[in-house]
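# Structural overview for review
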Amino acid sequence: MTKSLIACHECDLLHRVQPLPDGGAARCVRCDALLYYQKKDSLDRTLSLTIAGLVLFIVANTFPFLAMKSKGLVRETTLITGVKGLYLQGMEALALLVFLTTILVPLVQIACMLYVLVPLKINRVPRNLALVFRFIRSLQPWAMMEVFMIGILVSMVKLGKMASIVPGLALFSFVVLIFVLAGSVASLDPRIVWDCLGES
């Protein structure tokens, strides 16, 4: 099988892609620009972080997100009840945006990552690998959980004058989930996926 070629993005010189040791890097022979590098234990790390993300996602959507205490009354809310509340208040577009960016897109991203990574871990190539992997990459701009988190923090500051705000277990899980999903995306070496596809 013909080895893949990669062009230097600095001087456009073509190079043949060569296997690298973990942590190794390939540089252009003409201008010494970085061509690509081998991430250490990329598949194992990404799979571990994705499984951790699934657990955190379940916790974040099952347990109370916030609780408001005012005059002896306690009202708890979850992510989905927050979306319902926005919808019932006539803010359908905002409710849809919150649902997409904090619930649907992260869930689909985690499910697709597991669909790709679990078979690769056991040396199998899942069906429609290229299509699913491209879909995962296209979803990344829509996973804006950190923006939602900033909105929650601003709301907590404003509502703190009217009632006591008690963070729930889901809120802490949601915060950790943001970093875990970001870590899983950063730790994945796309060349592992494309190499497996080429070998199949």
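Everything here concerns the structure above.
### Looking at the overall build of the protein chain
The number of helices and strands found in the protein chain is seven helices and seven strands. Listed by position from the N terminus, the elements making up the protein chain come as β-β-β-β-α-β-β-α-α-α-α-β-α-α. Counting only residues that meet the buried cut, the protein chain has 35% of its 200 residues in that class. Pairs at least 24 apart in sequence give 59% of the contacts found in the protein chain among residues at least 6 apart. For the protein chain, the accessible area works out to roughly 12,300 Å², and carbon and sulfur atoms hold 64% of it.

### Overview of unusual backbone geometry
At Asn123, a residue that is not glycine, the phi angle is positive and equals roughly 60 degrees. Along the chain, Asn123 turns up in the loop between helix H3 (92–121) and helix H4 (129–139). Phi is positive for Asn128, which is not a glycine, with a value near 55 degrees. Positionally, Asn128 belongs in the loop between H3 and H4.

### With respect to the nonpolar core
Residues Phe65, Val116, Ile136 and Phe174 are the most contacted members of the largest nonpolar core, which totals 34 residues. When contributions to this core are tallied by element, the ones reaching two or more residues are helix H1 (42–62), helix H2 (79–88), H3, H4 and helix H6 (169–187). The element best represented in this core is H3, accounting for 10 residues. Residues Cys8, Ala26, Cys28 and Ala33 belong to the second largest nonpolar core, which totals six residues.

### Brief notes about a nonpolar patch on the surface
A surface patch of nonpolar side chains, about 230 Å² in accessible area, is lined by Met91, Leu94 and Leu97. Relative to the helices and strands, Leu97 is located in helix H3.

### A few points about the environment of Phe179
If you trace the backbone, Phe179 turns up in helix H6. Judged by relative accessible area, Phe179 falls into the exposed class, the value being 62%. Expressed as a C-alpha distance, the spacing of Phe179 and Gly53, which sit 126 residues apart in the sequence, is 9.2 Å.

### Re the packing of aromatic side chains
Counting across every chain of the model gives one aromatic pair. Arranged with centres 5.7 Å apart and planes meeting at 80 degrees, the rings of Phe65 and Phe174 form a pair that is edge-to-face. Separated by 109 residues along the polypeptide, Phe65 in the loop between H1 and strand E5 (66–70) and Phe174 in helix H6 bring together distant segments of the chain. Phe65 sits in the buried class, given a relative accessible area of 3%.

### Regarding H6
Taking 1.5 Å of rise per residue, the 19 residues of H6 would be expected to cover 27 Å, and the 27 Å separating its terminal C-alpha atoms lies within 8% of that figure. For H6, every residue scored as buried is listed here: Ala170, Leu171, Ser173, Phe174, Leu177, Ile178, Val180, Leu181, Ser184 and Ser187.

### Examining the packing of H3 against H4
Here H3 crosses H4 at 145 degrees, and the two axes come no closer than 10 Å. Here H3 and H4 pass one another in a crossing that is left-handed. Residues Val105, Val108, Gln109, Cys112, Met113, Tyr115 and Val116 of H3 pack against Leu129, Val132, Phe135, Ile136 and Leu139 of H4. For the contact of H3 with H4, the class distribution of residues is 11 nonpolar, one polar and no charged.

The rules we used
Note on numbering: residues in each chain are counted from 1, in written sequence order. With the structure being a predicted model, the display of local features is reserved for residues of pLDDT at least 70 and the display and counting of side-chain atom pairs for 80 or more, all residues being used for whole-chain, interface and lining totals. Excluding hydrogens and water, the side-chain values take into account all heavy atoms of the structure. Here a helix means four or more residues in a row that DSSP labels H or I, a strand means two or more in a row labelled E, and each is numbered from the N terminus. Only protein chains enter the accessibility calculation, which uses a 1.4 Å probe; a residue whose area is less than 20% of its type maximum is buried, one above 50% is exposed, and one in between is partly exposed. The contact rule is simple, with two residues in contact once any of their heavy atoms fall within 4.5 Å. Only the protein chains shown count as cover for residues, and all accessible areas are computed by the Shrake-Rupley method using a 1.4 Å probe. Here the nonpolar core consists of buried residues drawn from Ala, Val, Leu, Ile, Met, Phe, Trp, Tyr and Cys, with membership extended through side-chain atoms lying within 4.5 Å. What goes into a patch is any residue over 30% in relative accessible area without a salt bridge, connected to like charges within 9 Å or, for nonpolar side chains (Val, Leu, Ile, Met, Phe, Trp, Tyr), within 5 Å. Salt bridges are defined as contacts in which a side-chain nitrogen from Lys or Arg sits within 4 Å of a carboxyl oxygen from Asp or Glu. When two rings of Phe, Tyr or Trp (its six-membered ring) have centres within 6.5 Å they constitute a pair, described as stacked for plane angles under 30 degrees, edge-to-face for angles over 60, and tilted for the intermediate range. Residue count minus one, scaled by 1.5 Å, sets the expected span of a helix. To define axes, lines are fitted to C-alpha atoms, for helices over the stretch in contact only, and angles between the resulting N-to-C directions are given on a 0 to 180 degree scale. Crossing handedness follows the turn of the near helix against the far one: under a right angle anticlockwise gives a left-handed crossing, and clockwise gives a right-handed one. Three categories are distinguished: nonpolar for Ala, Val, Leu, Ile, Met, Phe, Trp, Tyr, Cys and Pro, charged for Asp, Glu, Lys and Arg, and polar for the others, with Gly belonging to the last.

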